[in-house]
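# Chains, contacts and geometry: an overview
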Amino acid sequence: MQAWTSRKMLLLFHLPWPSETASFSDTMPIIVDLCMESDTRSAVGTGAVSTVKFSEATVGRHLARRLVQIGVRDVFSVAGDFNLSLLDHFVAEPEINLIGCCNELNAGYAADGYARARGVGACVVTFTVGGLSVINAIAGAYSENLPVICIVGGPNTNDYGTNRILHHTIGLPDFSQELRCFQTVTCFQAVVNQLDDAHELIDTAISTALKESKPVYISISCNLSSIPHPTFGQDPVPFLLSPKLSNPMDFEAAVEAAAEFLNKAMKPVLVAGPNLRVGKAGDAFVELADSSGYAVAVMPSAKGLVPESHPHFIGTYWGAISTAFCAEIVESADAYLFAGPIFNDYSSVGYSLLLRREKSIIVQPDRVTVGSGSAYGCVLMKDFLSALSKKLNRNTSAFDNYSRIYVPPGNPLTCEPHEPLRVNVLFQHIQKLLSKDTAIIAETGDSWFNCQKLKLPPGSGYEFQMQYGSIGWSVGATLGYAQALPEKRVISCIGDGSFQVTAQDVSTMLRCGQKNIIFLINNGGYTIEVEIHDGPYNVIKNWNYTGFVDAIHNGEGKCWTAKVSSEEELFEAISTATGEKHDCLCFIEVIVHKDDTSKELLEWGSRVAAANSRPPNPQ
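Residues numbered from 1 in each chain as written. Predicted model: local features only at pLDDT ≥ 70, side-chain atom pairs only at ≥ 80, totals over all residues. Heavy atoms only, no water.

### Describing the packing of aromatic side chains
Enumeration according to the criterion identifies 23 aromatic pairs in this entry. Summarising the aromatic geometry, the rings of Tyr346 and Trp448 are spaced 5.7 Å apart at their centres and angled 75° between planes, so their arrangement reads as edge-to-face. Here Trp448 lies in helix α14 (residues 446-452) and Tyr346 lies in the loop between β11 (336-339) and β12 (360-364), a separation of 102 residues in the sequence. Exposure remark for Tyr346: the relative accessible area of 24% places this residue in the partly exposed category. A ring pair is formed by Trp448 and Phe464, whose centres lie 5.6 Å apart and whose planes are at 85°; its orientation type is edge-to-face. Residue Trp448 is located in helix α14, and its partner Phe464 is located in strand β16 (residues 461-464); the two are separated by 16 residues in the primary sequence. Per residue, the accessibility class of Trp448 equals that of Phe464, and both read buried. Each member of the aromatic cluster is reached from another via a ring pair, and the members are Trp318, Tyr346, Trp448, Phe449, Tyr462, Phe464 and Trp604. We note Lys303 situated over the ring of Tyr462; from NZ or CZ to the ring centre the distance is 5.5 Å. (Phe/Tyr/Trp six-rings, centres within 6.5 Å; stacked < 30°, edge-to-face > 60°. Helix = DSSP H or I, 4+ residues; strand = E, 2+ residues; numbered from the N terminus. Buried < 20%, exposed > 50% of the residue type's maximum accessible area, 1.4 Å probe, protein only. Lys NZ or Arg CZ within 6 Å of the ring centre and 35° of its normal.)

### Digging into helix α11 (residues 381-389)
Every α-helix carries 3.6 residues per turn, so stepping three or four residues along brings you back to the same face. With seven of nine residues buried, α11 lies mostly within the body of the structure. Each element contacted by the buried residues of α11 is listed here: α7 (248-263), α8 (275-278), α9 (282-292), β11, β12 and β13 (367-370). (Contact = heavy atoms within 4.5 Å.)

### Re the packing of helix α1 (residues 59-69) against helix α6 (residues 198-212)
Where α1 contacts α6, the two axes come as close as 11 Å, and the packing angle between them is 25°. Taken together, the axes of α1 and α6 lie roughly parallel to each other. Viewed along their axes, α1 and α6 form a crossing whose handedness is right-handed. Side by side, α1 and α6 meet where Val59, His62, Leu63, Arg66 and Leu67 of the first sit next to Ala198, His199, Ile202, Asp203 and Ile206 of the second. Residue classes in the contact of α1 with α6 are distributed as six nonpolar, two polar and two charged. (Axes fitted to C-alpha atoms, helices over the stretch in contact; angles between N-to-C directions. Parallel < 35°, antiparallel > 145°, perpendicular 65-115°, else oblique. Left-handed = near helix turned anticlockwise from the far one by under 90°. Nonpolar A, V, L, I, M, F, W, Y, C, P; charged D, E, K, R; others polar.)

### Here's the deal with empty space enclosed by the protein
One water molecule sets the probe size; rolling that probe over the atoms shows where empty space is left. In this structure the tally under the stated criterion is four cavities of 30 Å³ or more. Here the largest cavity is characterised by a volume of approximately 200 Å³. As for the largest cavity, its lining consists of 20 residues, and the residues nearest its centre are Thr444, Gly445, Asp446, Gly495 and Asn523. Classifying every residue of the lining of the largest cavity gives six nonpolar, 10 polar and four charged. For the second largest cavity, the lining is made up of 16 residues, of which Glu144, Pro274, Ser301, Ile342 and Gln467 are closest to its centre. Per element, the largest residue contribution to the lining of the second largest cavity is three residues, and it comes from α8. Class assignment of the residues belonging to the lining of the second largest cavity gives a composition of six nonpolar, seven polar and three charged. (1 Å grid on protein atoms, 1.4 Å probe; cavity = no way out; pocket = protein on both sides within 12 Å on 5 of 7 lines; lining within 4 Å. Points joined across faces, edges and corners; volume = space filled by probe spheres on them.)

In structure tokens:
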């Protein structure tokens, strides 16, 4: 039995999940410290720990109960011979719904979407063929800082250390290939091939995922999950995590330096980045925005993390393709505080942002950098932003400038009767669907840019995968997100090329009784790649997409499909989806011209192409 990181064992106490209006930071378990032996202490607030019948004192039951304690109610899986007995324990756990997916990649994407909505997700696959299939989704979760528990059914304990060659492997007696692959995309790896320290390994893995906000890998030998062991003789004690604390001296110095820097500025602005979620600092950011009076923008991958109903919200800052008048305000500011930014080639539009380091304060989950000079470590974002809000002079200059130059956007030209449908008209209708009871999932592609322009009402969810940008992500993510928040109707905007990668798990949505609305945008190929570099490889085989969904529906579950090519047909389809078929999964294929794209994609594509084609530096 092995663990590939050496950390003190941590435990976490899980509280009931809050209402749908809570931020991501509010949905994580309460963090406190507890240093007692796991099999002798009492559960906090629950009295004595209950004893488990010895025949049920198994690692499989323990793992299932641990997932329940941290808030997992749905586990996404693909069955394989190495994980079958482990899956029996998830089936037997009354508080877990085991969901079989069509493939491991989608199971991982579903766990990703579930983690975005609930704070943590889990998937179970089989050894190597399953693990190396799910690993792309786990890498995406790692890049997006999502705690996903990836569980693998491993080889029989008797096969370790022998010269035996097993099926589902690459034909070598060394079984570590899968582990070595996962070491680069998870923050902790536990290989359970004996029971004596299985309890500690599993608890350490799960607590590390929650503390680091990253995926972990747990492999359990196929012959261990149902064997009783004394370490599992009591119900798992509710988990607790040691809290992260700011270094008081660095914290005070960082707050003072940032306050002095911003109070000298004439027109400072605030910009939220995606790591605001990692820092669990959404409320603290809003507190800072309220007290400072600064103009407030979000980076594209932070859309949905800050309420767009905030009175000083000015839109998405995305360089040359920002929402109207936002870039002019941010880039002309004499000071800008970025909370949790990620500046990659996509978010910087090919490294073309007009920002200057000496004007910036960069706040990451545990570090603050002021201007081009001082940096302060061990300073937690949430604490820093809250304390800074009490030190700043109110300054509305940047927002006043925005108010002076702002011109309300015009509406797309009205379509003539039976005129071919345009993408901008489609998203005008999607905007009208949004409410506190909906969430948007935007697939990699032109939906990125069109969905950025949607105005989110209070309580409406929004997710997309910008850092990793794996096409097909949205199908599995929709499955997981909708399963985590059944009270919301998830609206997914998916391009035809992306849909072809992961289409099968619409079937799983039907099995789960989900009522999502999927807009399949059929423009005949990989439009986002056309705008970066065109070629015949960007053209795909056209499917009868509604026919495909009707085939997998096969009369089981509630499903309704429509194919539209004009505004009149779109209006009728949306009316049906929100009326008569409101309790169905609704799949609407939208046929548009292959060159009908957002202007933002055209600009972004040309700049990313220029960044990709830079010649080598001279030697």
